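What the coordinates show
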Amino acid sequence: MPGKLSYAEAIREGIKEEMERDERVFCIGEDIGIEHGFGGAFTVTLGLSDIFGHERILDTPISEAGLAGAAIGAAMMGMRPIADVQYCDFLFCCMDQMINEAPKIRYMSGGGFTVPMVMRAPVGVTARGAQHAQSVESYFMHCPGWKIACPSNAYDAKGILKTAVRDDNPVLIFEHKKLYGAKGIRKVEGALDASSLIPDEDYTIPVGKARLVREGADATILANLRMVYEAGFAASDLAEDGIEVEIIDPRWLNPFDYETLYASVKKTGRLVIVHEDTMTGGWGAEIAARTMDDIFDYLDAPVKRVCAPDTPAPFSPPLEDVYVPSKERIKQAVKSVCYMDSGQSFLRSGGR
Amino acid sequence: MYKTMVRIRRFEDTIHIRFLKGTLPGTVHLYQGQEAVAVGVCANLRNEDVVASTHRPHGHAIAKGVPLKSIMAELYGKETGCCKGKGGSMHIGDASVGMLPAIAIVGGGLTIAAGCGLAFKMRGTDNVAVAFLGDGATNEGDFHEAMNMAAIWNLPVIFVCENNLYGASTHIKLVCKLENLADRAAGYGMPSAICDGNDVLAVHECASKAIKRARSGGGPTFIECKTYRIGGHSRSDANAYRDKEEEKLWRARDPLIIAGNKLKDMGAMTNSDITAIDAEIALEIGEATEFAEASPLPSGDECFTHLWAD
């Protein structure tokens, strides 16, 4: 009987099923299995240590480099670890492992070793200040050797988790804090409903396949994670003005589904990319450059990006409203590429 | 063990000359003077045990059983190299003999070795992971995290610290207040040992105890081997920063000579045996060189392979 699960519950179910299916799978992270604990920063592993014990839901010291390195070593010896950091910002505490080791070991060894590990990391602004607010996809998209996923809903999150565990390569899954749907004391203010109906049968999401969220002929919006929802809100408003946007959720940043994107942009002639990461060097910059290079003749307007400005994330709510791309900014960008804008734009310096 | 030490020494001497002549691309970090550590430790290991090495891996690789010709071919950048020409000197590895691809980031292999130990423990095998590191690496943050994790989880990891007194050009006295790096282990609740890193029998015995402890579920050990690097940090280093008296002292303690003398005193080896071994090794190196020189370079499209496991 298919049931509705929240994003966090769906990921939890995916982890549980993979751990039941394959005894080599284990979780490693901070506060993930502690008795009467949180089940991870956002409840994803809640209850799993009761089922699998504390050796397979392995709590670590506050040692991101240690836990990432341990995941690499265990994976090289044939285990299938699911590592996690509590906030994606903490990936910077294990960048050596994330950039110099995990994605390079197979290549440097001429195929002699593999690293079938998963690293999960939550992104997004939640009024916790600049060091708990980043979206860091682009740092890793830049690094050859990581497959990178960014599910925006519970159904995709579960399927992607399973795909990632079964993949023999390092896979990085970015989740969004406002999508978890965590309840109780771990509830996030301003959370969105990312729950989905989850079927009973086993399913995976294929690597590198985007999802068409909404069909439209006038402009393509490419958005990930929380921005998929903001794009949806913008789309409803724009429809009232007679503009029908097509929304694509990439689901994977590496490999990226250019086929689906280009089919859409060839149809609409206009592309707006929306991400919560900052403007300069955000993942949208790569897609924009590639799109210009590959299908320039199909574009009726420059590719526009709606992003966070080039500042650290501010704390105060009105500042956060300026920082995080809103449906208003998305609407403006769409109207701009449709040559209907009011003349406002974000400067790279973060000013207006 | 003596023969393996000679093998390492002559291989490194050969490579050094080739680099000075410009025959080989890139750089190397040579192991002469430290042979007793690699050999004394690895003589205790099985194929299924793993070694995590550093930017100075040739000695560890040879001691662990990576064939000379595949190391040589790798240094030449040939597709027959142990890493198919994709890694080079600092990433020598060979899954079939338990040599992880060496990690060139100082301290970067330590958490990985802990992870290997974790896997062995989870699977209930009695294999061990040896993590080689230098004195300089004990100041890296990753050292702290790896040591602590190995200790709290009782992992079958042996941290073998080759204290050759220098992190590149920086003397250990400038960067650490301790006389003995082994004292750091106590901070993690981990047993430690100190041995003469230029005496292969001493290293062998010390490592043997630690490896037995790990195999029997007794957890990790930190071993400090006091040793010295005969050559420079890398091929382009003439050691101008080293005290001449210090160098003289250590050159007089050449591990090959110490081992050779011990064996002769025990009656286990004669001078003609030593000559025979030298000749045998010279032949091996000659064959490895022929193999490397005759092997093809990888074709251009190999740049794009081995990124993904299918």
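Residues numbered from 1 in each chain as written. Chains lettered and ligands numbered in written order. Predicted model: local features only at pLDDT ≥ 70, side-chain atom pairs only at ≥ 80, totals over all residues.

Quick look at helix α12 (residues 271–294) of chain B now. Residue and element names in this part refer to chain B. With 24 residues, α12 should cover 34 Å at 1.5 Å per step; its first-to-last C-alpha distance of 35 Å lies within 8% of that length. For α12, the complete set of buried residues consists of Ile281, Ala288 and Ala292. Tucked into the core, α12 has its buried residues touching α1 (2–21) and α4 (68–75). (Helix = DSSP H or I, 4+ residues; strand = E, 2+ residues; numbered from the N terminus. Expected span 1.5 Å × (residues − 1). Buried ≥ 20, exposed ≤ 12 C-beta atoms within 10 Å, placed from the backbone. Contact = placed C-beta atoms within 7 Å.)

The next subject is the environment of Glu140 of chain B. Residues and elements named next belong to chain B. Along the chain, the position of Glu140 falls in the loop between β2 (129–134) and α6 (141–152). Given 19 C-beta atoms within a 10 Å radius, Glu140 is considered partly exposed. Residues Glu140 and Val106 lie 34 residues apart in sequence; the distance between their C-alpha atoms is 7.4 Å. Every residue in contact with Glu140, bar those within four places of it in the chain, is listed here: Val106 and Gly107.

Moving on, we get to the interface of chain A and chain B. Taken together, the contact between chain A and chain B spans 33 residues of the former and 34 residues of the latter. Every element with two or more residues in the side of chain A that touches chain B is listed here: α3 (64–76), α4 (95–101) and α5 (105–108) of chain A. It is α3 of chain A that contributes the most residues to the side of chain A that touches chain B, nine residues altogether. A class-by-class count of the residues in the side of chain A that touches chain B yields 14 nonpolar, 14 polar and five charged. (Nonpolar A, V, L, I, M, F, W, Y, C, P; charged D, E, K, R; others polar.)

So, about the domain arrangement of chain A. Residues and elements named next belong to chain A. Taken domain by domain, chain A consists of domain 1 (3–198) and domain 2 (211–337). Averaged C-alpha coordinates put domain 1 and domain 2 at centres separated by 26 Å. Domain 1 puts 26 residues into the contact, and the matching count from domain 2 is 25 residues. Mapped by element, the contributors of at least two residues to the side of domain 1 that touches domain 2 are α6 (137–141), β6 (147–149), α7 (154–166) and β7 (171–176). For the side of domain 1 that touches domain 2, the residue count by class is 15 nonpolar, seven polar and four charged. (Domains from an automatic or database assignment.)

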